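The primary structure of each chain is shown beneath.
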Amino acid sequence: MMSGDPKGGKIAMQAGDFASTIDHTYLKIHRSDAEVKRVCYEAASNQFASVAVFPIAVPLAASMLKGTGVEVCVALGFHLGTYPPELKAFETEDAIRNGATEVDLVMNVAAAKAARWDLLEEEFALFRKAAGDCIAKIILETCLLTDDEKRRACEIAAAAGLDYVKTSTGYREGATVPDVKLMYETVQPDVKVKASGGIRTLDDALAMIEAGASRLGTSAGVALMTAFKGRF
């Protein structure tokens with residue numbers, strides 16, 4: 001984990017390392033091809049980890065990002081994940097056929113609140129199978145969960161072999177440092193943590209990385225990179 005001033009020796013991170021934590025996000029209700037193209041261009045120019053879009057934009061993003069090294073991340077199940085796991089598996093497979101290489105899926109929050117952990121075990125297992133070799137990230141929507149519920153969901157994600165646990169959709173309250181720490185402590189070293197929602201300043205981003213996040217979901221990627229280069 002990293003924080004502070006790299007010149008002072010507290011953070012072993014260069015601009016390229018920081019860029020590779022960013023999932024450049026475009027999840028607006030009113031989308032346009034021009035905006036998707038802009039976000040893809042920004043991601044390729046900065047060498048972000050991925051561009052995160054809704055399924056309808058996956059084919060365009062995939063064509064724009066081909067050969068750039070930037071992944072196509074699809075956001076599914078928004079925003080409370082309350083539909084059958086078979087449908088989630090179908091939309092995961094469909095998005096991958098259309099060019100997605102990473103999948104961020106909202107878990108069934110209602111199942112967690114009802115302590116129906118068996119339903120989450122089934123859902124996560126089907127998600128892992130449907131995602132195949134693609135990166136699979138499960139979104140907890142942590143602002144709606146107790147700490148015990150967050151831990152249990154993280155444990156089920158790890159048992160299912162998912163690649164990341166993610167804090168939030170960004171449609172409600174976003175990531176917090178305590179939640180990222182809790183998730184990191186629960187799943188490391190086998191599963192990584194993605195912090196998402198409300199990460200708009202460089203201090204926000206560095207705090208999440210220090211807490212244990214390996215990825216940052218944010219629509220402010222360009223501003224964060226500019227701030228990082230300006231400070232370091």
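Residues numbered from 1 in each chain as written. Predicted model: local features only at pLDDT ≥ 70, side-chain atom pairs only at ≥ 80, totals over all residues. Heavy atoms only, no water.

1. As for the pattern of salt bridges
Then comes step 1: Tallying each qualifying case throughout the model produces 20 salt bridges.
Then comes step 2: With a shortest N-O distance of 2.8 Å, K88 and E123 are connected by a salt bridge. Separated by 35 residues along the polypeptide, K88 in helix α4 (residues 85–97) and E123 in helix α6 (residues 117–131) bring together distant segments of the chain. Of the two residues, K88 and E123, both sit in the buried class.
Then comes step 3: The salt bridge partner of D104 is K194, with a shortest N-O separation of 2.6 Å. Of the two residues, D104 sits in strand β4 (residues 102–106) while K194 sits in strand β7 (residues 192–196), which places them 90 residues apart along the sequence. As far as burial versus exposure is concerned, D104 and K194 are alike and both buried. (Salt bridge = Lys/Arg side-chain N within 4 Å of Asp/Glu carboxyl O. Helix = DSSP H or I, 4+ residues; strand = E, 2+ residues; numbered from the N terminus. Buried < 20%, exposed > 50% of the residue type's maximum accessible area, 1.4 Å probe, protein only.)

2. What to know about helix α2 (residues 33–46)
Then comes step 1: For α2, which comprises 14 residues, the first-to-last C-alpha distance of 20 Å matches the rise-based estimate of 20 Å (1.5 Å per residue) to within 8%.
Then comes step 2: Along α2, the residues classified as buried are V36, V39, C40, E42, A43 and N46. All buried residues of α2 lie within an arc of 160° about the axis, which places them on one face of the element. Opposite the buried face of α2, at more than 90 degrees from it, the exposed residues are A34 and Y41. (Expected span 1.5 Å × (residues − 1). Arc of directions from axis to C-beta.)

3. Topic: the side chain of K137
Then comes step 1: Mapped onto the secondary structure, K137 falls in strand β5 (residues 135–139).
Then comes step 2: Assessed through its relative accessible area of 0%, K137 is described here as buried.
Then comes step 3: There is a polar contact of 3.2 Å between the side chain of K137 and the side chain of D23.
Then comes step 4: The contacts of K137, once residues within four sequence positions are left out, are D23, C73, E102, V103, D104, L105, F127, Y164, K194 and R215. (Polar contact = N/O pair within 3.5 Å; in protein donor to acceptor, adjacent residues only side chain to side chain. Contact = heavy atoms within 4.5 Å.)

4. What about the nonpolar core?
Then comes step 1: Grouped together as the largest cluster of nonpolar side chains are 67 residues, with contacts concentrated most on F18, M107, F124, I138, V165 and L216.
Then comes step 2: Looking at this core element by element, the count peaks at six residues for helix α9 (residues 202–211).
Then comes step 3: Discounting residues that sit within four places of it in the chain, F18 has contacts with M13, L202, A205, L206, I209, L216, L224, M225 and F228. (Core = buried A, V, L, I, M, F, W, Y, C linked by side-chain atoms within 4.5 Å.)

5. Quick notes on the sheet that holds strand β2 (residues 50–53)
Then comes step 1: What the eight strands build is a closed barrel, ordered β1-β2-β3-β4-β5-β6-β7-β8; its pairing is parallel. Mean inter-strand twist for the sheet, computed between neighbouring axes without regard to direction, equals 25°.
Then comes step 2: The sheet contact formed by strand β6 (residues 164–166) and β7 spans three bridges and is parallel. By the bridge assignment, V165 is partnered in β7 with V193.
Then comes step 3: Together, β4 and β5 form the strand contacts of α6, whose direction differs from that of β5 by roughly 150°.
Then comes step 4: Running over the sheet, helix α10 (residues 221–231) touches β1 (22–25) and β8 (215–218) and is turned about 140° from β1. (Pairing = 2+ DSSP bridges. Axes fitted to C-alpha atoms, helices over the stretch in contact; angles between N-to-C directions.)

6. Remarks on the packing of helix α7 (residues 147–160) against helix α8 (residues 177–187)
Then comes step 1: Two numbers describe how α7 lies on α8: the axes approach to 9 Å, and their chain directions differ by 40°. Taken together, α7 and α8 sit at an angle that is classed as oblique. Judged by the sense of rotation from one axis to the other, the crossing of α7 with α8 is right-handed. Where α7 abuts α8, its residues D147, K150, R151, C154 and E155 lie against D179, L182, M183, T186 and V187. (Parallel < 35°, antiparallel > 145°, perpendicular 65-115°, else oblique. Left-handed = near helix turned anticlockwise from the far one by under 90°.)

7. Section: the layout of surface pockets
Then comes step 1: Reported here for the largest pocket is a volume of approximately 510 Å³.
Then comes step 2: Taken together, 26 residues form the lining of the largest pocket, with T25, L27, G170, T218 and S219 sitting closest to its centre.
Then comes step 3: Breaking the lining of the largest pocket down by element, the ones donating at least two residues are β1, α2 and β8.
Then comes step 4: The biggest single contributor to the lining of the largest pocket is α2, with three residues.
Then comes step 5: Broken down by class, the residue content of the lining of the largest pocket amounts to eight nonpolar, 11 polar and seven charged. (1 Å grid on protein atoms, 1.4 Å probe; cavity = no way out; pocket = protein on both sides within 12 Å on 5 of 7 lines; lining within 4 Å. Points joined across faces, edges and corners; volume = space filled by probe spheres on them. Nonpolar A, V, L, I, M, F, W, Y, C, P; charged D, E, K, R; others polar.)

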